[in-house]
Amino acid sequence: MTKDSDVDGLAALARDGDARAFEALVRRMVRPALATAWEFVPTREDAEDLVQDAFARAWRELGRYDPARPFAPWFFTILRNLARNASRSDRRWDTVSFTDDVVMDAPAIMEAEPDPVERMDTAERIRAALDELSPMQRACFRLTVLEGFASAEAAAMLGIGEATVRVHAHRARKALRARLAELRGETR
Amino acid sequence: MTSERPGSRLPDDPRYWENLAARSVEAAFGGAHARPESAAAYPWWRGLSESAFALAASAVLALAGGSLLIGVRSPRADQEPGAFAGALAPDDPLLRTLLDAPDEPASGAALLELLALREEER
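Bear in mind the structure is a predicted one, so any value in this text is a computation, not a measurement.

The rules behind these values
- Residues numbered from 1 in each chain as written.
- Chains lettered and ligands numbered in written order.
- Predicted model: local features only at pLDDT ≥ 70, side-chain atom pairs only at ≥ 80, totals over all residues.
- Core = buried A, V, L, I, M, F, W, Y, C linked by C-beta atoms within 7 Å.
- Buried ≥ 20, exposed ≤ 12 C-beta atoms within 10 Å, placed from the backbone.
- Helix = DSSP H or I, 4+ residues; strand = E, 2+ residues; numbered from the N terminus.
- Contact = placed C-beta atoms within 7 Å.
- Axes fitted to C-alpha atoms, helices over the stretch in contact; angles between N-to-C directions.
- Parallel < 35°, antiparallel > 145°, perpendicular 65-115°, else oblique.
- Left-handed = near helix turned anticlockwise from the far one by under 90°.
- Nonpolar A, V, L, I, M, F, W, Y, C, P; charged D, E, K, R; others polar.

Visitor: Which residues make up the nonpolar core, and what are the values?
Guide: Residue and element names in this part refer to chain A. Residues Leu-25, Leu-34, Ala-37, Val-51, Phe-55 and Cys-140 are the most contacted members of the largest nonpolar core, which totals 65 residues. Counting residues per element, this core draws most heavily on helix H2 (residues 19-38), which supplies 12 residues. With sequence-adjacent residues up to four places away left out, Leu-25 is seen in contact with Val-7, Leu-10, Ala-11 and Ala-14.

Visitor: An account of helix H8 (residues 135-146) of chain A is requested, with residue identities and associated values reported.
Guide: All names here are of chain A. Across the 12 residues that make up H8, a large majority, 12, are buried. All of the buried residues in H8 are Pro-135, Met-136, Gln-137, Arg-138, Ala-139, Cys-140, Phe-141, Arg-142, Leu-143, Thr-144, Val-145 and Leu-146. Phi turns positive one or two residues past the end of H8, at Gly-148, with a value near 85°.

Visitor: So what's going on with the environment of Leu-10 of chain B? Which residues, and what values?
Guide: Tracing the backbone through its elements, the reader meets Leu-10 of chain B in the segment before helix H1 (14-29). C-beta crowding within 10 Å serves as the criterion here: with 21 such atoms nearby, Leu-10 of chain B is assigned to the buried category. Discounting chain neighbours no more than four positions away, the residues touching Leu-10 of chain B are Arg-31, Leu-34, Ala-35 and Glu-147 of chain A.

Visitor: Let's hear about the packing of helix H3 (residues 44-60) of chain A against H1 of chain B: which residues, and what values?
Guide: Where H3 of chain A contacts H1 of chain B, the axes come no closer than 8 Å and their chain directions differ by 45°. Taken together, the axes of H3 of chain A and H1 of chain B lie oblique to each other. Our pair here, H3 of chain A against H1 of chain B, has a crossing hand that is right-handed. Here Glu-48, Val-51, Gln-52, Phe-55, Ala-56 and Trp-59 of chain A of H3 of chain A lie close against H1 of chain B, whose contacting residues are Leu-20, Arg-23, Ser-24, Ala-27 and Ala-28 of chain B. Class assignment of the residues belonging to the contact of H3 of chain A with H1 of chain B gives a composition of 7 nonpolar, 2 polar and 2 charged.

Visitor: Give a detailed account of helix H9 (residues 151-158) of chain A, specifying residues and quantitative values.
Guide: Of all 8 residues in H9 of chain A, 7 are buried; the element is thus mostly enclosed. If you check which residues of H9 of chain A are buried, you get Ser-151, Glu-153, Ala-154, Ala-155, Ala-156, Met-157 and Leu-158 of chain A.

Visitor: Just give me the short version of the environment of Ala-128 of chain A, but keep the residues and values in it.
Guide: Of note, Ala-128 of chain A is situated in helix H7 (residues 122-131). With 48 residues separating them in the primary sequence, Ala-128 of chain A and Leu-176 of chain A have C-alpha atoms 9.9 Å apart.

Visitor: So what's going on with the packing of H9 of chain A against helix H10 (residues 162-179) of chain A? Residues and values would help.
Guide: Residues and elements named next belong to chain A. Look at H9 against H10: their axes get within 8 Å of each other, and the N-to-C directions meet at 100°. In terms of their interaxial angle, H9 and H10 are classed as roughly perpendicular. Note on element contacts: H10 touches H9 through Glu-162, Val-165 and Arg-166, opposite Ser-151, Ala-152, Ala-154, Ala-155 and Leu-158. Considered class by class, the residues forming the contact of H9 with H10 number 5 nonpolar, 1 polar and 2 charged.

The analysis is restricted to geometry; functional conclusions fall outside its scope.
In structure tokens, the structure reads:
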């Protein structure tokens, strides 16, 4: 992601009405915005809608943004609030609950097959293992390990502390290691 | 961000991001509640024309380049959060990422922060 100083500088200009600065700001923020939105909604199309709504809301409410503070946490708060509001009217959206130790139900494929481990390919096993993580662990792991965002960036995106991100990512990796141990045994 | 990060479900195509950014800008500037000061600094028709140009350019490039845009939108990746686009080889880099990469140490301070967070949630 872009250096915060660049983002904050653009946000300050946009706040003063510089629409070109806002355009540049959107280009810098669109990728982390989609990554964050997709943690809250089931499909990429839903996440895209959420991203567009969040930028539209941010543009309208930039007058409330304090340029002395970082822009990213302010923007992602808007995005998360929109996700929560939308989830109340659309039951498909399984809004991430930012509490720890919430274990998701195993995916259907794990229950339907008598010997699912043998029948799943590698990608399916990994996906099933990810699905078994708590929403918080999954989000922290996916954003930092799979998508490559820094812990500080993921913290702003999720509205939690940077150290908390590291803890959840650490726990997620530990759980995944255990879940995928049989696969490692097969391949090495 | 490299385009070959294993396990990433975000599209690789830069044109996808340009397109999404253009749509987001259009959603902001084209809204009924556009900020008054923005109208003076940025005529409404300019945003529309540039966004339309970006969308048109993306469409032309997608047609010229075959199924590049379609390729990154596999139905499975779209519909299932966490789904990966294809099967992974046993020695896939993602497996090494999951199993072998060192963790950032979970320090005592980090654990204290997590405990504080839990307290707040209660």
